[in-house]
Amino acid sequence: VPAVPVLFKQALENTDTEEGKSISLRCELTKADATVVWKKGEAALQASDKYEMKQKGTVAELVIHNAEPEDA
């Protein structure tokens, strides 16, 4: 039986914030607890003081702390 692909129910949207503030990016998937990899370009982001990854059910969230222009 082929695996059912995980799709976006709600894709990411462009979000603005002020420099130095935190920003939250969210997406919703069709399958709960699917593996999510956050990337900037080709580089996968790792959890750190700057990047906080959260996932609850079908909602995945990336919080960027102390946002800078380079985070665009």
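- Per an unreviewed UniProt entry, the protein chain carries the name OBSCN protein and comes from Climacteris rufus.
- Checking UniProt for the protein chain, the heading Subcellular location (unreviewed entry) contains the comment "Cytoplasm".

## Some thoughts on the pattern of salt bridges
Part 1: A full pass over the atoms with the stated rule returns five salt bridges.
Part 2: A salt bridge links Lys50 to Asp71; the nearest nitrogen and oxygen atoms lie 3.0 Å apart. Taken together, the positions of Lys50 in the loop between strand S4 (43-44) and strand S5 (51-56) and Asp71 in the segment after strand S6 (59-64) put the pair 21 residues apart, joining distant regions of the chain.
Part 3: A relative accessible area of 19% places Asp71 in the buried class.

## Here's the deal with the layout of surface pockets
One water molecule sets the probe size; rolling that probe over the atoms shows where empty space is left.
Part 1: Empty space within the largest pocket amounts to approximately 640 Å³.
Part 2: Looking at the largest pocket, it is lined by 29 residues, and the ones nearest its centre are Leu25, Leu62, Ile64, Asp71 and Ala72.
Part 3: Looking at the lining of the largest pocket, the elements that each hand over two or more residues are strand S2 (23-29), strand S3 (39-40) and S6.
Part 4: Here the lining of the largest pocket takes four residues from S2, the largest share from any one element.
Part 5: Its residues placed into classes, the lining of the largest pocket shows 18 nonpolar, three polar and eight charged.

## Describing the environment of Glu18
Part 1: Turning to its location among the elements, Glu18 is positioned in the loop between strand S1 (8-10) and S2.
Part 2: On the accessibility criterion, Glu18 (54% relative accessible area) is exposed.
Part 3: Spatially, the C-alpha atoms of Glu18 and Gln46 are 23 Å apart, while their sequence positions differ by 28 residues.

The rules behind the values
- Residues numbered from 1 in each chain as written.
- Predicted model: local features only at pLDDT ≥ 70, side-chain atom pairs only at ≥ 80, totals over all residues.
- Heavy atoms only, no water.
- UniProt positions renumbered as here; feature names shortened; annotations may be inferred.
- Salt bridge = Lys/Arg side-chain N within 4 Å of Asp/Glu carboxyl O.
- Helix = DSSP H or I, 4+ residues; strand = E, 2+ residues; numbered from the N terminus.
- Buried < 20%, exposed > 50% of the residue type's maximum accessible area, 1.4 Å probe, protein only.
- 1 Å grid on protein atoms, 1.4 Å probe; cavity = no way out; pocket = protein on both sides within 12 Å on 5 of 7 lines; lining within 4 Å.
- Points joined across faces, edges and corners; volume = space filled by probe spheres on them.
- Nonpolar A, V, L, I, M, F, W, Y, C, P; charged D, E, K, R; others polar.

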